[in-house]
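So you can see what is in the structure, the chains are spelled out below.
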Amino acid sequence: MPRYRPRRDDDEGRRRPSSPPRRPRSPPRQDRRDRDAYRNNADSYRSNGDSYRPPQGDFTFRVGGPGGAPNFPSAPFPSNGRPGGRGGRRDGNRGGRGGRGGRRWQPPPHLSERALFSDSIKNLPEEALHDKEGAAKFRDLDELSDDDEQEMEISSHSSQSDSEKPSKKRSKTAASDSAANAAPKWSNSDPYAALPCPDETQQKKRDVVALIRKARNEEAEKQTTGLQEADEFIAFESSEDEAEEVRHDLPPKPPTEPPPPLPSGPPPPLGMADGAINGSIPIQRDLNGPLGSRKRTANDEIKPPNYGKLKKASMKPAKGLVVHAWEPKPDEDPCPWATVDHSGTPNVAFRLHKEIIDFYDYVRPREFEQRIRDNLIENLKKAMRRDNRNFASAQVFAFGSFMSGLYLPTADMDLVVCSASFMRGGPPTYLSAKNWLYKFQKLLVAQRVAEQESIEVIAHARIPLVKFVDKLTGLRVDVSFENLGGVDAVDTFLRWKERYPAMPILVTVIKHFLLMRGLNEPVNGGIGGFSVICLVVSMLQLMPQVQSKSLIPEHNLGEMLLEFFDLYGRQFCHEKNAISLTGTIGYVRKTDVKGFTYRNTDRLSIIDPNNPSNDISGGSSNTPSILARFEEAYRTLRNRMKHVASSGDKGGILEAILKGDYSSFREQRDYLRYVHETNLGPCSD
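Residues numbered from 1 in each chain as written. Predicted model: local features only at pLDDT ≥ 70, side-chain atom pairs only at ≥ 80, totals over all residues. Heavy atoms only, no water.

A.B. asks: An account of the overall build of the protein is requested, with residue identities and associated values reported.
C.D. replies: Across its full length, the protein holds 20 helices and nine strands. By residue count, 31% of the 685 residues in the protein fall in the buried class. Across the protein, contacts joining residues at least 24 apart in sequence account for 63% of those joining residues at least 6 apart. Carbon and sulfur atoms make up 51% of the accessible area of the protein, which amounts to about 47800 Å² in all. (Helix = DSSP H or I, 4+ residues; strand = E, 2+ residues; numbered from the N terminus. Buried < 20%, exposed > 50% of the residue type's maximum accessible area, 1.4 Å probe, protein only. Contact = heavy atoms within 4.5 Å. Areas by Shrake-Rupley, 256 points an atom, 1.4 Å probe, with all protein chains shown as cover.)

A.B. asks: Give me the nonpolar core: which residues, what numbers.
C.D. replies: Most often, soluble globular proteins keep nonpolar side chains buried together rather than apart. In this structure, M503, F565, Y568, F630 and L658 are the most contacted members of the largest nonpolar core, which totals 65 residues. Counting residues per element, the ones that place at least two in this core are helix 8 (348-363), helix 13 (485-499), helix 14 (503-516), helix 15 (529-542), helix 17 (557-571), helix 18 (623-647) and helix 19 (655-658). The leading source of residues in this core is helix 14, at nine residues. When near neighbours in sequence (up to four residues on either side) are disregarded, Y568 contacts L535, S538, M539, I579, L627 and F630. Within the second largest apolar cluster, 37 residues are counted, among which are M384, V417, F440 and V675. (Core = buried A, V, L, I, M, F, W, Y, C linked by side-chain atoms within 4.5 Å.)

A.B. asks: Outline helix 12 (residues 435-446), listing residues and values.
C.D. replies: Compared with an ideal rise of 1.5 Å per residue, which puts twelve residues at 16 Å, helix 12 spans 16 Å between its outermost C-alpha atoms and is within 8% of the ideal. Among the residues making up helix 12, those that are buried are W436, L437, F440, Q441, L443 and L444. Around the axis of helix 12, the buried residues are gathered within 160 degrees of arc, so they sit on the same side. With respect to the buried face of helix 12, the exposed residues turned more than 90 degrees away are K442 and A446. Looking at the packing, one finds that the buried side of helix 12 touches helix 9 (367-387), strand 2 (413-418), strand 3 (455-458), strand 4 (465-469) and strand 5 (476-481). Just downstream of helix 12, R448 is the residue with a positive phi angle, here 60 degrees. (Expected span 1.5 Å × (residues − 1). Arc of directions from axis to C-beta.)

A.B. asks: Residue-level account of the packing of helix 14 against helix 15, with values.
C.D. replies: Packed helices, taken two at a time, are described by their axes: the angle between them and the distance between them. Where helix 14 contacts helix 15, the axes come no closer than 10 Å and their chain directions differ by 130 degrees. Classed by the angle they form, the pair helix 14 and helix 15 counts as oblique. Between helix 14 and helix 15 lies a crossing of right-handed hand. The residues of helix 15 that touch helix 14, namely those facing M503, L506, V507, I510, K511 and L514, are G529, V532, I533, V536, V537 and L540. Class assignment of the residues belonging to the contact of helix 14 with helix 15 gives a composition of ten nonpolar, one polar and one charged. (Axes fitted to C-alpha atoms, helices over the stretch in contact; angles between N-to-C directions. Parallel < 35°, antiparallel > 145°, perpendicular 65-115°, else oblique. Left-handed = near helix turned anticlockwise from the far one by under 90°. Nonpolar A, V, L, I, M, F, W, Y, C, P; charged D, E, K, R; others polar.)

A.B. asks: Please set out helix 20 (residues 663-679) residue by residue, giving values where relevant.
C.D. replies: One turn of the α-helix equals 3.6 residues, which is why residues spaced by three or four share an orientation. For helix 20, built from 17 residues, the straight-helix expectation of 24 Å at 1.5 Å per residue is met to within 8% by its first-to-last C-alpha distance of 24 Å. For helix 20, the buried fraction is high: 13 of the 17 residues fall into the buried class. Just downstream of helix 20 lies G681, where phi reads positive at about 125 degrees.

A.B. asks: How would you explain the side chain of S605 if you had to name every residue and give the values?
C.D. replies: Turning to its location among the elements, S605 is positioned in the loop between strand 7 (586-589) and strand 8 (607-608). Polar side-chain contacts of S605 include one of 2.6 Å to the side chain of Y598. At 3.4 Å, the side chain of S605 and the side chain of D615 are in polar contact. Ignoring any residue separated from it by four or fewer positions in sequence, one finds S605 in contact with A578, I579, K590, F596, Y598, D615 and S617. (Polar contact = N/O pair within 3.5 Å; in protein donor to acceptor, adjacent residues only side chain to side chain.)

A.B. asks: So, the pairing of strand 9 (residues 611-615): which residues are in play, and what are the values?
C.D. replies: In terms of strand pairing, strand 8 meets strand 9 through two bridges, oriented antiparallel. Bridging across to strand 9, D608 finds its partner in N611. Connecting strand 8 to the next strand, strand 9, in antiparallel fashion are two residues. (Pairing = 2+ DSSP bridges.)

A.B. asks: Hey, could you go over the packing of helix 15 against helix 17 for me, with residue numbers and the actual values?
C.D. replies: Viewed as axis vectors pointing N to C, helix 15 and helix 17 meet at an angle of 100 degrees, and their least axial separation amounts to 11 Å. When the axis of helix 15 is compared with that of helix 17, the two are roughly perpendicular. Two secondary-structure elements touch here, helix 15 through L535, V536, S538, M539 and L540 and helix 17 through M560, E563, F564, L567 and Y568. Partitioning the contact of helix 15 with helix 17 into residue classes produces eight nonpolar, one polar and one charged.

A.B. asks: Kindly report on the pattern of salt bridges, identifying the contributing residues and their values.
C.D. replies: Taken as a whole and assessed by the stated rule, the structure comprises 13 salt bridges. Salt-bridge contacts for K467 lead to D478; the nearest nitrogen and oxygen are separated by 3.0 Å. Of this pair, K467 sits in strand 4 while D478 sits in strand 5, placing them eleven residues apart in sequence. K467 gets classed as buried once you look at its relative accessible area, which sits at 16%. (Salt bridge = Lys/Arg side-chain N within 4 Å of Asp/Glu carboxyl O.)

A.B. asks: So what's going on with empty space enclosed by the protein? Residues and values would help.
C.D. replies: Applying the stated criterion to the full structure yields one cavity of 30 Å³ or more. Roughly 50 Å³ of internal volume is contained in the largest cavity. Along the walls of the largest cavity sit I372, N375, L376, N379, D470, L472, T473, V675, N679 and L680, which together make up its complete lining. Residue assignment for the lining of the largest cavity shows that the elements contributing at least two residues are helix 9 and helix 20. Considering each element in turn, the lining of the largest cavity owes the most residues, four residues, to helix 9. Partitioned by chemical class, the residues of the lining of the largest cavity number five nonpolar, four polar and one charged. (1 Å grid on protein atoms, 1.4 Å probe; cavity = no way out; pocket = protein on both sides within 12 Å on 5 of 7 lines; lining within 4 Å. Points joined across faces, edges and corners; volume = space filled by probe spheres on them.)

A.B. asks: Explain the confidence of the model for the protein residue by residue, including any values.
C.D. replies: One rule of thumb: low pLDDT means the predicted coordinates there are not for detailed reading. Confidence along the protein averages 74 in pLDDT terms, with 58% of residues attaining 70 or more. Mean pLDDT values over the elements of the protein span from 41, in helix 7 (residues 240-249), up to 97, in helix 17. Below pLDDT 50 for its whole length, residues 42-52 participates in three contacts with residues either more than four positions away or in separate chains. The low-confidence segment residues 229-301, where pLDDT is below 50, has 69 contacts with residues more than four positions distant or belonging to other chains. (pLDDT = per-residue confidence, 0-100.)

A.B. asks: Before we move on, could you go through the sheet that holds strand 2 and cite the residues and values that matter?
C.D. replies: With respect to topology, five strands assemble into an open sheet ordered 1-2-5-4-3, the strand pairing being mixed. The open sheet has two edge strands, strand 1 (395-399) and strand 3, and neither has a second partner. Strand-to-strand twist across the sheet, computed as the mean angle between neighbouring axes with direction ignored, equals 25 degrees. Direction of pairing for strand 3 relative to strand 4: antiparallel, over a ladder of four bridges.

A.B. asks: Help me get a handle on the packing of aromatic side chains, residues and values and all.
C.D. replies: Taken as a whole and assessed by the stated rule, the structure comprises 24 aromatic pairs. Relative to F481, the ring of F440 lies with its centre 5.4 Å away and its plane at 85 degrees, an arrangement referred to as edge-to-face. Taken together, the positions of F440 in helix 12 and F481 in strand 5 put the pair 41 residues apart, joining distant regions of the chain. Classification of F440 by relative accessible area gives buried; the value is 0%. Note on F481: relative accessible area 3%, which makes it buried. Taking 5.0 Å as the distance between ring centres and 55 degrees as the angle between the ring planes, the aromatic pair formed by F564 and Y568 counts as tilted. Of this pair, F564 and Y568 both sit in helix 17, four residues apart, roughly one helical turn. Its relative accessible area of 1% is what places F564 among the buried residues. What links up through ring pairs into an aromatic cluster is the set F513, F564, F565, Y568, F572, Y587 and F630. The ring of Y598 has K590 lying over it, and the distance from NZ or CZ to the ring centre is 5.3 Å. When the ring centre of Y362 is taken as origin, the NZ or CZ atom of R669, which lies over that ring, is 6.0 Å away. (Phe/Tyr/Trp six-rings, centres within 6.5 Å; stacked < 30°, edge-to-face > 60°. Lys NZ or Arg CZ within 6 Å of the ring centre and 35° of its normal.)

As structure tokens, then:
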């Protein structure tokens with residue numbers, strides 16, 4: 001049934017004026033009589049142009065090819081004038097100008113009328129899929145040669161039974177069959193009779209490092225056994241006939257060369273060949289010494305002391321007891337500096353003075369340690385220039401205990417990096433954003449100055465730091481940025497050192513006393529090295545005997561040490577007084593200090609001699625524990641001196657407060673000596 005669609009009044013309004021009118025749909029199907037009538041009526045109202053019909057004939061678009069070209073037969077165009085053999089459109093009104101000049105559309109045949117389902121192809125001749133005239137699969141016997149017949153005969157024998165096989169082949173096959181039956185594999189023809197492959201993940205893994213060590217030990221034992229047998233062997237003289245008889249009876253042995261000796265030490269780093277140092281004699285290391293007993297890497301290189309690994313400082317205040325790392329060990333000398341017996345000195349104060357000198361001489365910086373630390377700074381500067389990016393124009397300055405020469409063997413290196421604009425008086429560059437700290441971390445890794453895991457970036461502190469462990473020396477380094485306060489303090493220290501020669505010795509003893517008890521880090525409430533220097537200098541400034549020169553401090557170090565512990569442990573009132581070292585020398589009431597305001601009055605307060613608005617020891621939140629340990633040290637030394645004076649004990653006095661495990665000092669110093677000898681030359685001390 002044709003569909004009827006009512007016309008809407010707004011259809012004309014909705015149509016776009018530029019859109020062409022739609023073509024009327026084809027009329028519904030009708031019988032032949034109605035369709036012919038419709039076409040006759042359509043011819044009556046066509047215009048003259050529309051009624052034009054092309055001439056019907058045998059016209060084609062084909063042209064003759066060039067001369068000599070082959071003429072291939074091709075199928076003519078269909079009657080509708082279109083190539084491809086397809087008829088016009090199925091719609092009779094749209095195809096071929098109303099269906100004229102083309103084949104009428106015919107509906108497709110029913111499925112049951114197709115040739116595949118009918119019997120129309122049943123009696124057709126069958127087509128062969130292969131060429132019957134191709135090469136024969138088998139050759140005639142007459143065409144075979146003697147070699148071909150022999151090959152066929154051998155192949156026919158291979159299909160015989162096992163009893164007709166040659167003996168060798170039979171034995172091999174039997175052996176292979178028995179092996180296959182004994183240990184079935186996945187290639188077995190019967191998958192149900194085969195065992196699964198062994199699970200190697202459940203087996204115990206081989207320790208390759210242990211195998212290598214075992215092989216080395218076995219070879220060393222072989223060499224040692226061979227040398228002992230050679231020493232114990234007693235050769236008897238034999239006649240020439242006996243020797244000749246032995247030579248004829250035994251087969252001649254090939255000459256064997258002795259195995260190469262085991263390496264006596266690790267290969268030197270930094271490309272040094274054959275252990276030579278700048279053309280000098282190679283180093284002969286003692287494997288029984290402190291370095292030879294330590295762990296080695298895969299390349300057989302000595303590792304730096306393990307104590308130097310970077311760890312985050314504990315924020316918990318220390319109680320002031322000797323930390324575990326410094327407790328005396330049974331296999332270590334608790335007082336390695338006590339190499340001279342001072343029991344013959346009758347004056348116990350002078351005896352303590354000698355022991356202090358011995359201790360300072362043991363821990364003071366050596367010449368090779370100074371050169372190693374200088375070389376560390378130069379290597380960092382070269383790495384920054386070699387990177388040629390963010391820090392190529394920056395300058396590096398050292399400050400702290402290294403510049404003052406009061407560092408202990410395991411002390412950190414304090415460095416500051418300043419940009420070129422900051423050095424010219426401009427604004428700081430590296431403190432403008434926190435990402436500069438991480439750029440410096442990438443530089444250290446890229447230039448192989450430090451390992452990735454040994455670097456710690458402290459970006460949110462009052463003074464941002466980058467802490468790392470030097471890859472070559474194992475020394476710990478603290479790098480700050482664009483803060484020259486510590487550099488300016490170096491000149492102040494040098495002036496004090498020239499005026500008070502006893503100050504460096506006393507500071508060294510006190511710094512190590514605080515180090516053993518974990519009270520030397522301002523991050524957990526302790527006091528740093530410069531604060532200790534200021535405390536000693538303030539004491540010397542306020543002693544009348546020193547100012548009148550009736551007492552020479554460097555000749556009475558025992559009395560000076562006792563005076564220090566007594567002053568700050570028992571006499572000084574840190575809650576009310578601040579220490580001033582310049583201008584008004586002495587003690588200033590905290591209520592009268594105008595440079596800054598105190599938040600807590602229970603801490604030590606030392607006015608910076610180079611910046612009155614700065615409190616050097618403002619972070620000493622653990623001041624009560626520090627001063628309590630000073631008082632305890634004073635009482636311990638006084639009691640020890642009384643005991644030695646009364647009993648004549650030959651033991652030391654200073655060991656009462658400084659005995660402990662000094663293996664870290666020895667290991668670090670030995671390793672730095674090894675690095676110096678390998679890279680810079682022999683050590684003079």
